[in-house]
Amino acid sequence: MQKNRINEMEAAKRLVNLAIKLHFSHTDPVGIHALTLSGYRLLHRLSNRAHQPDIVPEYLNYLAPDDRQFFFSSVMSLDPVTNHGLLSTIDRSYNYADEITDLILFICCALYRHLDNNHTHEMKIYIIWYKAINRLKEENDPIYNTKTKDGFDYLKSLPREKQLTLGYDALKNLRGPASPKQRTGAF
């Protein structure tokens, strides 16, 4: 048996990148939520260990007050230690919402960057997509300007499935710098 070893930061990066890829393919919301939570928990733990400030409260300002409590119950969902109080008492189901998973994934990208890492290609595409859909800080955001306003407004007006499809297209069509294998055709 071959054993593999991976450090926590690399594991977090891979979890978040995979969650982003699955997010845009919009195939399995529960799987996306589970991967996102795993990446979030790992990055949050690494952030605490590095004595980074807690950025979550700042990001919760983008939610309505009623949704903030749901954010925390979503973060705790699928956690075997704490989920007993978060399960519906009638059918023992988990509570999650696509919009909350979206925000948790956005926070994962921010946590990754706060730990002195450059965003991956997947994270950059996701951040742009998320900001376009949610119009975050539109007055001071360098991504949102007179050149991008019409495109962002169009994207925001689309149904969620079409928004995800456009994000998926951006992810697969706009590749980051080629790796040595890609440049030599060794793929």
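Scope of this entry: the structure provided in the associated data block. (Residues numbered from 1 in each chain as written. Predicted model: local features only at pLDDT ≥ 70, side-chain atom pairs only at ≥ 80, totals over all residues. Heavy atoms only, no water.)

So, the pattern of salt bridges
No. 1: This structure, assessed with the given rule, holds seven salt bridges.
No. 2: In this structure, the salt-bridge partner of Lys13 is Glu10, at a minimum N-O distance of 3.3 Å. Taken together, the positions of Lys13 and Glu10, both in helix H1 (residues 8-25) and three residues apart, correspond to about one turn of that helix.
No. 3: Accessibility expressed as a relative area gives 22% for Lys13, which makes it partly exposed.
No. 4: Here Glu10 falls in the partly exposed class, since its relative accessible area comes to 24%.
No. 5: When the shortest N-O distance is used, the salt bridge between Arg160 and Asp102 registers 2.8 Å. (Salt bridge = Lys/Arg side-chain N within 4 Å of Asp/Glu carboxyl O. Helix = DSSP H or I, 4+ residues; strand = E, 2+ residues; numbered from the N terminus. Buried < 20%, exposed > 50% of the residue type's maximum accessible area, 1.4 Å probe, protein only.)

What about the state of the cysteines?
Cysteine pairs can be linked by a disulfide, which is a covalent bond between their two sulfur atoms.
No. 1: Inspection of the entire model under this criterion finds zero disulfides.
No. 2: Free of any disulfide, Cys108 has its nearest neighbouring cysteine sulfur in Cys109, separated by 6.9 Å.
No. 3: Given a relative accessible area of 0%, Cys108 falls into the buried group.
No. 4: Overall, Cys109 belongs to the buried group, its relative accessible area being 0%. (Disulfide = S-S within 2.5 Å.)

Looking at the packing of helix H6 (residues 121-134) against helix H7 (residues 149-157)
No. 1: Remark: H6 packs on H7, axes separated minimally by 8 Å, with the N-to-C direction vectors making an angle of 75 degrees. By the criterion of interaxial angle, the relationship of H6 to H7 is roughly perpendicular. Contact residues: Ile128, Trp129, Ala132, Ile133 and Asn134 in H6; Phe152, Leu155 and Lys156 in H7.
No. 2: Its residues assigned to classes, the contact of H6 with H7 shows six nonpolar, one polar and one charged. (Axes fitted to C-alpha atoms, helices over the stretch in contact; angles between N-to-C directions. Parallel < 35°, antiparallel > 145°, perpendicular 65-115°, else oblique. Contact = heavy atoms within 4.5 Å. Nonpolar A, V, L, I, M, F, W, Y, C, P; charged D, E, K, R; others polar.)

Some words on unusual backbone geometry
No. 1: Unusually for a residue other than glycine, His26 sits at a positive phi of about 40 degrees.
No. 2: Along the polypeptide, His26 turns up in the loop between H1 and helix H2 (29-49).
No. 3: One non-glycine residue, His51, lies in positive phi territory at about 60 degrees.
No. 4: Positionally, His51 belongs in the loop between H2 and helix H3 (56-60).
No. 5: Take His51: its relative accessible area is 72%, and that puts it in the exposed class.

Here's the deal with the nonpolar core
A general tendency of soluble globular proteins is for nonpolar side chains to be buried together.
No. 1: Core analysis: the biggest nonpolar cluster contains 46 residues, and Ile20, Leu43, Phe71, Leu103, Ile107 and Tyr126 have the highest contact counts within it.
No. 2: Of all elements in the fold, only H1, H2, H3, helix H4 (65-76), helix H5 (98-114), H6, H7 and helix H8 (160-173) reach the threshold of two or more residues within this core.
No. 3: At eleven residues, the largest contribution of residues to this core is made by H5.
No. 4: Those residues within four positions of Ile107 in sequence are excluded, and the remaining contacts are Tyr40, Ile55, Val56, Tyr59 and Phe71. (Core = buried A, V, L, I, M, F, W, Y, C linked by side-chain atoms within 4.5 Å.)

Observations concerning the side chain of His23
No. 1: Tracing the backbone shows His23 in helix H1.
No. 2: Here His23 falls in the buried class, since its relative accessible area comes to 3%.
No. 3: In contact with His23, other than residues within four places in its own chain, are Ile32, Asp102, Leu105, Tyr126, Trp129, Arg160 and Leu164.

Some points on the packing of aromatic side chains
No. 1: According to the stated counting rule, one finds six aromatic pairs in the structure shown.
No. 2: Their ring planes at 35 degrees and their centres at 5.7 Å tell us that Tyr126 and Trp129 sit as a pair that is tilted. With Tyr126 and Trp129 both in helix H6 and three residues apart, this pair spans about one turn of that helix.
No. 3: We classify Tyr126 as buried; its relative accessible area is 0%. (Phe/Tyr/Trp six-rings, centres within 6.5 Å; stacked < 30°, edge-to-face > 60°.)

In short, geometric facts, not functional conclusions.
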